[in-house]
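Residue strings, one per chain:
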Amino acid sequence: MNSIARLRERIGRLFSEVSSPEDTLHLFLREHLLVTLCKRVPVTMTAIILLATAVLILFWPFENPYVIGGWYGAVLLLALFRISKTWNRCGDAQKPLQTRYRNFRVEALLMAVLWGVAAFFFYPSGELAYEMLLAIFIIVLSSASAVNLAIDRRIAELYIYLLLLPLALRFVMVGDTLHMVMFAAVSAYTALLHMSLRQLGSVLAKGIRQHGELGELQERLKMVLDQTPTGIFYYDTSFRVVDCNRTLSRLLDAPKERIVGLDLMQMKDAKIRELLRRTIEEGVTLRYDGPYTSLLSGKKIWVSATVAPLLDGEGALVGAIGVLEDKTLEHEALEKAEFLAYHDALTSLPNRKLLGDRFDSQIAQAGRKKYFSALLFLDLDRFKHINDTYGHKIGDELLKETARRLLKILRKSDTVCRLGGDEFIIFLPMISEDLTKSVNETLYVSQKIHKALAQTFEIEKHQLFVSTSIGAVMIGTRGETLDEVLRCADIAMYHAKKLGRGVTSFYEEYMDEQIKTTIQMEKDLRHALDREELRLFFQPIVEIETQEIVGAEVLLRWEHPSGIMVLPAEFIPVAEESQMIHQIGRWVIAEACRKIEAWREKGHRLPGYLSINLSPKQLRYNGFFEQAMELVTKSGVDPGRIKFEITESVLIEESERTKELIDRFKMAGIGFMIDDFGTGYSSLSYLKRFEFETIKIDKSFIRDILVDEEDVTLVKAILDIAKQFGYGVIAEGVENSQQRKRLNELGGAICYQGYLYSRPLDEAAFLELMERV
């Protein structure tokens with residue numbers, strides 16, 4: 001009973017979960033164990049079929065044909081079924097390993113049960129020869145099965161018990177001396193086989209574990225190598241690739257199958273071939289950093305490669321191992337950094353540093369050969385206005401297109417450099433040995449530049465127009481430094497801007513004094529407001545028939561500490577260039593409003609209005625309307641007593657924005673006048689679109705009105721246009737009574753201002769005049 005209980009316990013443990021604590025192996029080992037057992041099934045099942053066939057033939061006469069035939073059929077079907085399953089690792093690979101392993105055990109034990117049945121029920125009692133033959137069959141089968149299944153000791157033990165116990169039981173049932181001896185022999189054999197199974201199973205299990213651990217280690221190593229971010233390859237002493245990892249395949253953009261077996265001596269790069277050859281022939285570790293083109297895919301990368309000799313356990317050279325790192329991104333970043341160190345990031349043109357290197361080398365060469373060179377300093381006119389109006393993105397695109405146009409018109413030996421902002425430098429080395437020819441060539445280049453940049457810039461559906469002011473410096477053989485030449489070119493460029501922009505000015509020594517004067521003026525002007533050096537003067541505007549003062553133009557003067565009264569034509573350009581115009585403009589508006597209110601409070605007779613000149617830069621300032629209205633409102637003056645004067649050029653530059661601004665001021669009660677009408681871009685379309693109150697005829701047309709009929713015709717046309725649009729008219733620069741009379745004859749109800757009636761007056765003189773009339 002104890003034996004039966006232990007057998008039942010073994011069977012229960014056999015069919016428990018494979019992952020039970022008592023029967024746990026690593027999943028990898030369990031899979032390997034199942035595969036090993038399955039590989040033996042075809043041979044084992046074939047032997048069992050042959051043995052079952054022998055039993056069928058030999059014991060057919062002693063047994064019921066249906067019984068022994070049914071048994072044979074069951075053995076045959078089970079054997080064939082197990083053979084068929086070996087083609088898929090003993091079952092559906094999609095099923096869990098535990099399920100497949102359990103099925104294998106069930107099938108094996110079912111076969112043992114069938115043979116145990118044969119040993120018990122097909123026993124030919126009384127036929128000693130056949131009894132011995134059946135015993136031999138069962139013993140042979142148990143021995144063979146024990147060997148085949150020994151790798152899984154538990155199933156092997158159960159298998160031999162199911163085979164031998166029925167046979168032993170049959171011997172006991174006979175009961176004679178011979179059969180009891182045979183029972184003892186079978187029992188002893190069973191015990192001996194059981195002990196052998198334990199020893200053999202332990203040895204096999206240990207081997208399986210070691211093999212599994214080795215296989216698992218190999219898998220881990222393969223995983224590590226394949227996922228290493230560097231490419232690794234191994235080649236033999238005949239320079240053929242033996243193996244490589246997945247990273248190398250990806251780096252070279254070629255499948256591993258094409259890399260393995262590749263003859264490395266077929267590589268086109270001689271440096272890399274030499275590296276690989278020396279590693280084998282000299283047994284040294286070598287390194288290579290540089291470009292590489294894949295022999296298989298043509299992919300170009302920048303690599304860092306280290307190749308070292310590979311030795312076996314006895315120290316013999318068997319090949320070499322290479323480690324390949326993709327340094328393409330690092331190399332590109334380094335190249336970009338080096339490029340940016342010498343080039344402008346926006347336009348990719350050379351920067352100041354690269355210009356300096358080229359200047360020094362080429363000027364030295366030009367000096368030895370007695371050649372003249374030239375340097376042009378370019379500044380884009382009105383670029384800040386475009387940048388502020390359309391945004392920095394449009395401004396950047398304008399600068400890039402400017403760079404492209406400049407590159408197209410210059411020689412390869414010339415250098416185009418972006419100095420910063422909207423400033424460009426063009427260096428023309430070694431033009432000619434003759435100074436006159438060099439100057440003419442430089443002027444020709446500057447003319448090409450003006451022409452190229454005068455063409456329309458089409459940027460994101462915007463049509464942009466710019467011009468450029470160019471300062472030119474001729475460089476002789478005196479060894480001038482770049483800093484010195486740039487300073488002179490900068491001075492010449494600002495002189496070009498004073499000449500009207502869009503022109504070229506060659507540097508001359510007298511310009512140094514002018515620039516020094518300008519710099520000093522800017523310095524003094526910054527203190528003018530704090531020192532209260534600015535003054536307002538007033539020139540009356542008079543009705544031509546009645547001689548009644550209807551208003552006055554506010555004129556700004558600067559009482560310089562030196563005692564000189566500086567006129568606006570001298571310091572306003574400096575104020576605009578230095579951005580002080582905004583501060584000065586606010587002061588003028590505030591002071592004019594303050595004086596009107598002060599005159600009113602003191603009971604002085606007031607002019608109908610004061611007209612204030614506005615700079616184009618004031619109008620471009622986004623907050624100008626709010627600032628001006630704040631000053632007017634804060635002073636308490638009636639907005640109708642303030643007028644603003646602007647020139648025609650503002651209408652061209654800021655068409656839509658200026659119209660919006662004029663409309664807003666009109667709604668607030670402040671009117672606008674067109675100053676110097678006829679000298680700029682006079683157009684009926686502007687007069688129609690913009691709601692002005694008054695047109696001021698420029699004094700250049702009034703000066704010769706008595707002798708030049710063309711001026712008469714032009715003035716009469718202006719008067720007719722003004723009458724048509726309902727504008728008032730003021731004639732500027734009327735200096736004598738004959739001019740006033742002629743104007744009266746031409747236009748009737750118009751106004752004038754000029755020396756005929758009064759020069760610009762300070763506040764006291766103007767108030768005295770107002771009281772007198």
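As the structure is a computational prediction, the values presented were derived from the model and not from experiment.

Those residues of helix 18 (residues 568-577) not exposed but buried are Phe-571, Ile-572, Val-574 and Ala-575. Angular distribution of buried residues about the axis of helix 18 spans 165°; they occupy a single face of the element. Just downstream of helix 18 lies Gln-579, where phi reads positive at about 70°.

For the rest of this paragraph, the subject is a nonpolar patch on the surface. Taken together, the side chains of Leu-110, Val-113, Val-117 and Phe-121 define a hydrophobic patch exposed on the protein surface, amounting to about 330 Å² of accessible area. Relative to the helices and strands, Val-113 resides in helix 4 (residues 97-121). Exposure remark for Val-113: the relative accessible area of 39% places this residue in the partly exposed category.

Note on placement: Arg-405 falls in helix 14 (residues 392-409). Owing to a relative accessible area of 13%, Arg-405 belongs among the buried residues under this scheme. At 2.9 Å, the side chain of Arg-405 and the backbone oxygen of Ala-452 are in polar contact. Within the local environment of Arg-405, its side chain forms a polar contact with the backbone oxygen of Thr-456, the two atoms lying 3.0 Å apart. Ignoring anything within four residues of it in the chain, the contact list for Arg-405 reads Ala-452, Leu-453, Gln-455, Thr-456 and Phe-457.

Checked against the element boundaries, Glu-645 lands in strand 17 (residues 642-647). Glu-645 gets classed as buried once you look at its relative accessible area, which sits at 1%. Taking C-alpha positions, Glu-645 is 9.1 Å from Lys-696, a pair spaced 51 residues apart along the chain. Those residues in contact with Glu-645 that sit more than four places away from it in its chain are Glu-553, Ser-611, Ile-612, Asn-613, Leu-614, Met-673, Asp-675 and Lys-696.

On to the pairing of strand 3 (residues 286-293). As paired strands, strand 3 and strand 4 (residues 300-311) are joined by eight bridges and run antiparallel to one another. Pairing of Leu-286 across the sheet is with Val-307, part of strand 4. Hairpin geometry of strand 3 and strand 4 is characterised by an intervening segment of six residues between the two adjacent antiparallel strands and by a positive phi of about 80° at Gly-298.

Right, let's talk about the sheet that holds strand 3 for a bit. Through backbone hydrogen bonds, the strands of a sheet pair up, either in parallel or in antiparallel fashion. What the five strands build is an open sheet, ordered 2-1-5-4-3; its pairing is antiparallel. Taken across any chain shown, the strands that pair with only one partner, and hence form the sheet edges, are strand 2 (241-244) and strand 3. Geometrically, the sheet is characterised by an average inter-axis angle of 25° between neighbouring strands, direction not taken into account. Across the face of the sheet, helix 10 (residues 270-282) comes into contact with strand 1 (231-236), strand 3, strand 4 and strand 5 (317-326) while running at roughly 150° to strand 3.

So, about the environment of Phe-383. In this fold, Phe-383 is placed in helix 13 (residues 383-390). Of the residues examined, Phe-383 reaches a relative accessible area of 8% and is grouped as buried. Residues Phe-383 and Leu-399, spaced 16 residues apart in sequence, show a C-alpha to C-alpha distance of 9.3 Å. Among all residues touching Phe-383, those that are not within four sequence positions of it are Gly-395, Leu-398, Leu-399 and Asp-422.

Further remarks concern unusual backbone geometry. Phi angles above zero are rare outside glycine, and Phe-239 is one such case at about 65°. By the element assignment, Phe-239 lies in the loop between strand 1 and strand 2. Residue Asp-676 is not a glycine yet carries a positive backbone phi of 55°. You can see Asp-676 is positioned in strand 18 (residues 671-677). The partly exposed category is assigned to Asp-676, whose relative accessible area is 26%.

Conventions and cut-offs
Residues numbered from 1 in each chain as written. Predicted model: local features only at pLDDT ≥ 70, side-chain atom pairs only at ≥ 80, totals over all residues. Heavy atoms only, no water. Buried < 20%, exposed > 50% of the residue type's maximum accessible area, 1.4 Å probe, protein only. Helix = DSSP H or I, 4+ residues; strand = E, 2+ residues; numbered from the N terminus. Arc of directions from axis to C-beta. Patch = residues over 30% accessible without salt bridge, like charges linked within 9 Å, V, L, I, M, F, W, Y side chains within 5 Å. Areas by Shrake-Rupley, 256 points an atom, 1.4 Å probe, with all protein chains shown as cover. Salt bridge = Lys/Arg side-chain N within 4 Å of Asp/Glu carboxyl O. Polar contact = N/O pair within 3.5 Å; in protein donor to acceptor, adjacent residues only side chain to side chain. Contact = heavy atoms within 4.5 Å. Pairing = 2+ DSSP bridges. Axes fitted to C-alpha atoms, helices over the stretch in contact; angles between N-to-C directions.

Bear in mind that shape data such as this cannot, by itself, settle questions of function.
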